[in-house]
Amino acid sequence: MKRIYVILCALLISLSAAPVWHLPQAYAQTRTVSATVTFRVVSAVDYRGLHGARVIVVDSGGRVIQSGLTDSNGVWSVPLTVKVDPRFEELGVVTAICVANGHNENVAFEVPVRQGTVQPITLYPVKPKLRNEASASLGQLHHLDVIAMVNKYATQVGLQRQPGLLGESGYAPWSPNLK
């Protein structure tokens, strides 16, 4: 009986140390962010909201996670839950594809998923004898998110900052020079 007990204990100890019983580190660190994002779709002709424009929201894995139509003011709000983008702090990003009758498509890349986000999208009308094709725009990333991202990667590479400018408070751009 004592021999069986020793064998079972040894088996349990070896199994608990096996990597198969642990989640891979990438899965263990996956975090999500939830927020309502508002899309405001306007026509480039008069910048009035486009009623009935379709917005398709695609996550970082290339999956469609939401789709909807704008209201009479050209607005569509949607609750989203996505993975936190490791390039930013507490921020997820999605891609939005927008289409409307009589207008060319627009793809808005890097749309931030954070409470309070309002993403404008401008659609250009289809015109005969012109090159009618989709356009692309960049999401409304807040300047502090962009600064935090630049700081993160410049620090990782080991860059040094440029000398501060007289009268400029608190920020000195990075230099291409290594420390």
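Just so it is clear, the structure is predicted and the values come from calculations on it, not from any experiment. (Residues numbered from 1 in each chain as written. Predicted model: local features only at pLDDT ≥ 70, side-chain atom pairs only at ≥ 80, totals over all residues. Heavy atoms only, no water.)

**So, the side chain of S175**
Thought 1: Residue placement: S175 occurs in strand β10 (residues 174–178).
Thought 2: Taking relative accessible area as the criterion, S175 reaches 8% and is therefore assigned buried.
Thought 3: Within polar-contact distance, the side chain of S175 engages the backbone nitrogen of N177 at 3.0 Å. (Helix = DSSP H or I, 4+ residues; strand = E, 2+ residues; numbered from the N terminus. Buried < 20%, exposed > 50% of the residue type's maximum accessible area, 1.4 Å probe, protein only. Polar contact = N/O pair within 3.5 Å; in protein donor to acceptor, adjacent residues only side chain to side chain.)

**Remarks on the pairing of strand β5 (residues 92–99)**
Thought 1: Of all eight residues that make up β5, six are buried, and the element is covered over most of its length.
Thought 2: Looking at chain direction, strand β2 (residues 54–58) and β5 are connected through five bridges and run antiparallel. Bridge pairing in β5 links V58 to T95.
Thought 3: Bridge count between β5 and strand β6 (residues 106–113): six bridges; the pairing is antiparallel. Of the residues in β6, the one forming a bridge with V94 is V111.
Thought 4: Where β5 folds back onto β6 in an antiparallel hairpin, the turn is made up of six residues, including G102, whose phi is positive at roughly 80°. (Pairing = 2+ DSSP bridges.)

**Digging into the packing of aromatic side chains**
Thought 1: This structure, assessed with the given rule, holds one aromatic pair.
Thought 2: Geometrically, the ring pair formed by F39 and W76 is stacked, given 5.9 Å between the ring centres and 20° between the ring planes. Of this pair, F39 sits in strand β1 (residues 32–43) while W76 sits in strand β4 (residues 75–83), and the two are 37 residues apart along the sequence. Each member of the pair, F39 as well as W76, is classed as buried. (Phe/Tyr/Trp six-rings, centres within 6.5 Å; stacked < 30°, edge-to-face > 60°.)

**Quick look at helix α3 (residues 143–157)**
Thought 1: Between the first and last C-alpha of α3 there are 21 Å, a value that for 15 residues agrees with the 21 Å anticipated at 1.5 Å per step.
Thought 2: After α3 finishes, the residue G158 shows a positive phi value of roughly 90°. (Expected span 1.5 Å × (residues − 1).)

**Thoughts on unusual backbone geometry**
Thought 1: We note that Y47 has phi near 60°; this positive angle belongs to a residue other than glycine.
Thought 2: Take Y47: it is sitting in the loop between β1 and β2.
Thought 3: Note on Y47: relative accessible area 51%, which makes it exposed.

**A look at the sheet that holds β5**
Thought 1: If you trace the five strands from one edge of the open sheet to the other, you get β3-β2-β5-β6-β8, paired in mixed fashion. Looking at strand neighbours, the two that pair on one side only are β3 (64–69) and β8 (135–138), the edges of this open sheet. Averaged over all adjacent pairs, the angle separating strand axes in this sheet is 20°, with direction ignored. (Axes fitted to C-alpha atoms, helices over the stretch in contact; angles between N-to-C directions.)

**Structural notes on the environment of I121**
Thought 1: Looking at the element boundaries, I121 is found in strand β7 (residues 118–123).
Thought 2: The sequence separation of I121 and I97 amounts to 24 residues, and the corresponding C-alpha distance is 9.4 Å.
Thought 3: Each residue touching I121, except ones within four places of it in the same chain, is listed here: F39, R40, V41, V42, A96, C98, N106 and A108. (Contact = heavy atoms within 4.5 Å.)

**Looking at the confidence of the model for the protein**
Thought 1: The pLDDT averaged across the protein works out to 86; a share of 84% of its residues lies at or above 70.
Thought 2: Below pLDDT 50 for its whole length, residues 18–23 participates in two contacts with residues either more than four positions away or in separate chains. (pLDDT = per-residue confidence, 0-100.)

**Describing the nonpolar core**
Thought 1: Ranked by size, the top nonpolar core spans 23 residues in total, and within it F39, V41, V55, V113 and I121 carry the most contacts.
Thought 2: Of all the secondary structure elements, the ones that give two or more residues to this core are β1, β2, β4, β5, β6 and β7.
Thought 3: Among the elements that make up this core, the one with the highest residue count is β1 (five residues).
Thought 4: Excluding anything up to four places from it in sequence, F39 contacts V55, V57, G74, V75, W76, V78, A96, V111, Q119 and I121. (Core = buried A, V, L, I, M, F, W, Y, C linked by side-chain atoms within 4.5 Å.)

**Regarding the pairing of β1**
Within a regular strand, side chains alternate between the sheet's two faces.
Thought 1: Where β1 lies against β4, nine bridges are found, and the strand directions are antiparallel. Following the sheet pairing, T38 is matched in β4 by S77.
Thought 2: Sheet topology note: the β1/β7 ladder contains six bridges and is parallel. Bridging across to β7, T38 finds its partner in V118.

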